[in-house]
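# Examining the three-dimensional arrangement
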Amino acid sequence: SMASPALLMRVVASAYSVAEKAAAIVRNVMAAGDLGIVEKTGANDLQTKADRLAQMSICASLARKFPKVTIIGEEDLSNNDITEELIEDGYCEEILKKTCPAQYTGIKEEELVIWVDPLDGTKEYTEGLLDHVTVLIGIAYGGKAIAGVINQPYYNYEAGADAVLGRTIWGVLGIGAFGFQLTEAPAGKHIIVTTRSHSSTLVNDCISALNPDTVIRVGGAGNKIIQLIEGKASAYVFASPGCKKWDTCAPEAILHAVGGKITDIHGNSFQYNKEVKHMNSAGVLATLRNYDYYASRIPNNVKQSLVP
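Computed from a prediction, not measured in an experiment: that's the story for all the values here.

Scoring rules and cut-offs
- Here, residues in each chain are numbered from 1, in the same order as that chain's written sequence.
- Since the coordinates come from a predicted model, pLDDT governs what is reported: local features require at least 70, and pairs of side-chain atoms require 80 or more to be given and counted, while whole-chain, interface and lining totals use all residues.
- In computing side-chain properties, one takes all heavy atoms of the structure into account and sets aside hydrogens as well as water.
- Secondary structure elements follow DSSP: runs of H or I of four or more residues count as helices, runs of E of two or more count as strands, with numbering from the N terminus.
- Throughout, the radius of gyration refers to the C-alpha atoms, and the reference size of a globule is 2.2 Å times the residue count to the power 0.38.
- Here's how the labels work: a residue is buried when its accessible area is under 20% of the maximum for its type, exposed when over 50%, partly exposed in between, all with a 1.4 Å probe on protein chains only.
- Residues are treated as being in contact if the distance between any of their heavy atoms lies within 4.5 Å.
- Surface accessibility in these figures is a Shrake-Rupley result with a 1.4 Å probe; residues are shielded only by whichever protein chains are displayed.
- Positive charges come from Lys and Arg, negative ones from Asp and Glu, while His and the chain ends are left out of the count.
- The atom standing in for a charge is NZ when the residue is Lys, CZ when it is Arg, CG when it is Asp and CD when it is Glu.
- The angle between two axes is taken between their N-to-C directions and runs from 0 to 180 degrees, where each axis is a line fitted to C-alpha atoms and a helix contributes only its stretch in contact.
- If an angle is under 35 degrees, it is roughly parallel; if it is over 145, roughly antiparallel; if it lies from 65 to 115, roughly perpendicular; otherwise it is oblique.
- By definition, any crossing whose near helix is turned counterclockwise from its far helix by less than a right angle is left-handed, and any crossing with a clockwise turn is right-handed.
- By the convention adopted, Pro, Cys, Tyr, Trp, Phe, Met, Ile, Leu, Val and Ala count as nonpolar, Lys, Arg, Asp and Glu as charged, and the other residues, Gly among them, as polar.
- Here a strand pair is declared whenever DSSP counts at least two bridges between the two strands.
- Domain delimitation in this document rests on an assignment produced automatically or drawn from a domain database.
- Each of two parts loses accessible area, computed with a 1.4 Å probe, when they are put together; buried area is these two losses added.
- When a carboxyl oxygen of Asp or Glu lies within 4 Å of a side-chain nitrogen of Lys or Arg, that pair is called a salt bridge.
- Nonpolar cores are built from buried Ala, Val, Leu, Ile, Met, Phe, Trp, Tyr and Cys residues. Side-chain atoms within 4.5 Å join them into one set.
- UniProt positions are given in the numbering used here, feature names are shortened, and annotations may be inferred rather than shown by experiment.
- Any helix carries an expected span of 1.5 Å times its number of residues minus one.
- Two axes enter the bend calculation: one fitted to the seven residues ending at the residue in question, the other to the seven starting there, and the bend is the angle between them.

### A closer look at the overall build of the chain
Within the chain, the regular secondary structure consists of 9 helices and 13 strands. Against the 2.2 N^0.38 benchmark of 19 Å for 308 residues, the chain shows a C-alpha radius of gyration of 18 Å, consistent with a compact globule. For the chain, the proportion of its 308 residues judged to be buried stands at 54%. Of the contacts made within the chain by residues no fewer than 6 positions apart, 72% connect residues no fewer than 24 positions apart. If you sum the accessible surface of the chain, you get close to 13000 Å²; carbon and sulfur atoms cover 48% of it. Within the chain, one finds 28 positive and 34 negative side-chain charges whose respective centroids are separated by 5 Å.

Shown next, in the form of structure tokens:
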């Protein structure tokens, strides 16, 4: 008989189905028209009914299947009575069929930390910039992002009324990443993707120092990593605190699974153990290729301004 799939593959296969359910929730809230917007720390830090319901669905669904896993979500929610319609019980069969990398076969539930951003790009969501929005589920082991799922609920939304909306990208270190076409940015072009709603003098000074051919300003960390792996941008640069562990965990796993690199502005790796502080206070630098080119050009005043 076939051995049952390793825990990691079951978690990723479940996260895939759970992310699809969350994406349906995000689309349904938008379609119903009442976003239920709440300001958290200000006008650029919003929470909607979609953030709340999607997080409840993701966390409750994963906790029911994997009760000893630590799950950390962006939204501070009381454990309200979770209605059964929020629970997703499925698995992605394609993922269950993949062989778990040997170094991850012995993982126990209590050794995993799952970082959840139920709706990355909330501000853009409220403004109708729907292609910026992602659902992020990142899986960490030994403090390292090792697997991730990024769902784009509105992928293809400009393709007409009968287009199938949404897609799910997933990856595991040692297996690769799937659900998109890996493409490198044009050679010799410096196309920087950066923040849309959290700009500052420091952010802009850092970008200028890289002498970019083009600067793309979009919402969402998940969206920015997709720009890198699909060859639309050559570097993601954010010289500011503000990005959190749930923004970077899933994207990092997918980027690393295809040979890319993400660090803070100083070149330090992100840590994802459950005790770690949530803020990535020293910014973000990520590339699919040519990381050293960009890292070597980050100005010293920018580095001195951002303390890890």
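### Considering the packing of helix α1 (residues 7–32) against helix α2 (residues 49–65)
Running from N to C, α1 and α2 cross one another at 160°; their axes reach a closest spacing of 9 Å. Comparing their axes, α2 and α1 come out roughly antiparallel. The interaxial crossing formed by α1 with α2 has right-handed handedness. Across the interface between the two elements, Ser 14, Ala 15, Val 18, Lys 21, Ala 22, Ile 25, Val 26 and Val 29 of α1 pack against Lys 49, Ala 50, Leu 53, Ala 54, Ser 57, Ile 58, Ser 61, Leu 62 and Lys 65 of α2. Residue composition of the contact of α1 with α2, grouped by class: 11 nonpolar, 3 polar and 3 charged.

### What about unusual backbone geometry?
Unlike most non-glycine residues, Asn 211 shows phi in positive territory, near 55°. When you line up the elements, Asn 211 lands in the loop between α5 (201–209) and β10 (214–217). Although it is not a glycine, Asn 290 adopts a positive phi angle of roughly 60°. You can see Asn 290 is positioned in the loop between β13 (284–287) and α8 (291–295). A residue is classified by how much of its surface remains accessible, and Asn 290, at 57% relative accessible area, is exposed.

### Considerations on the sheet that holds strand β4 (residues 112–120)
Pairing is mixed in the open sheet, where 6 strands are placed in the order β3-β4-β5-β6-β7-β8. The sheet is open, and its two borders are formed by β3 (70–73) and β8 (176–178), each paired with just one other strand. Going across the sheet, the axis of each strand differs from the next one's by a mean of 15°, ignoring polarity. Both β4 and strand β5 (residues 134–141) contribute to a ladder of 7 bridges, which runs antiparallel. The residue of β5 that forms the bridge with Asp 120 is Thr 134. Where helix α6 (residues 221–229) meets the sheet, its contacts fall on β4, β5, β6 (144–152) and β7 (167–172), and the angle it forms with β5 comes to roughly 85°. Its contacts with the sheet put helix α7 (residues 245–257) on β3, β4, β5, β6, β7 and β8, and the angle it makes with β6 is roughly 100°.

### Considering the domain arrangement of the chain
Split into domains, the chain comes out as domain 1 (7–178) and domain 2 (191–305). Distance between the C-alpha centres of domain 1 and domain 2: 21 Å. Taken together, the 40 residues of domain 1 in the interface contact 30 residues of domain 2. Around 2600 Å² of area is buried between domain 1 and domain 2 when both sides are counted, 65% of it from carbon and sulfur atoms. Here domain 1 is connected to domain 2 by 3 salt bridges.

### Considering the nonpolar core
Leu 8, Val 12, Trp 115, Tyr 125, Ile 137 and Tyr 236 are the most contacted members of the largest nonpolar core, which has 102 residues in total. If one sorts the elements of this core by residue count, α1 sits on top with 14 residues. Mapping this core onto the domain boundaries places at least three of its residues in each of domain 1 (7–178) and domain 2 (191–305). Those residues within four positions of Tyr 125 in sequence are excluded, and the remaining contacts are Val 26, Val 29, Met 30, Leu 35, Thr 48, Ala 50, Leu 119, Leu 130, Val 133 and Tyr 154.

### Section: the UniProt feature "binding site: Mg(2+)" (unreviewed entry) in the chain
Here, UniProt's "binding site: Mg(2+)" (unreviewed entry) annotation points to Glu 74, Asp 117, Leu 119, Asp 120 and Asp 247. What stands out for the annotated residues spanning 174 residues is how close their C-alpha atoms remain, the widest pair being 9.7 Å apart. Within the secondary structure layout, Leu 119 lies in strand β4. Setting aside anything within four residues of it in sequence, one finds Leu 119 in contact with Val 26, Thr 48, Ala 50, Asp 51, Tyr 125, Val 133 and Thr 134. Its location among the elements puts Asp 120 in strand β4.

### A word on α7
Its 13 residues place the ends of α7 18 Å apart at the C-alpha level, agreeing with the 18 Å of an ideal helix rising 1.5 Å per residue. Maximal helix bending in α7 amounts to about 25°, located at Pro 251. The buried count for α7 comes to 12 of 13 residues, which makes it a mostly enclosed element. Along α7, the residues that are buried comprise Lys 245, Trp 246, Asp 247, Thr 248, Cys 249, Ala 250, Pro 251, Glu 252, Ala 253, Ile 254, Leu 255 and Ala 257. Phi turns positive one or two residues past the end of α7, at Gly 259, with a value near 90°.

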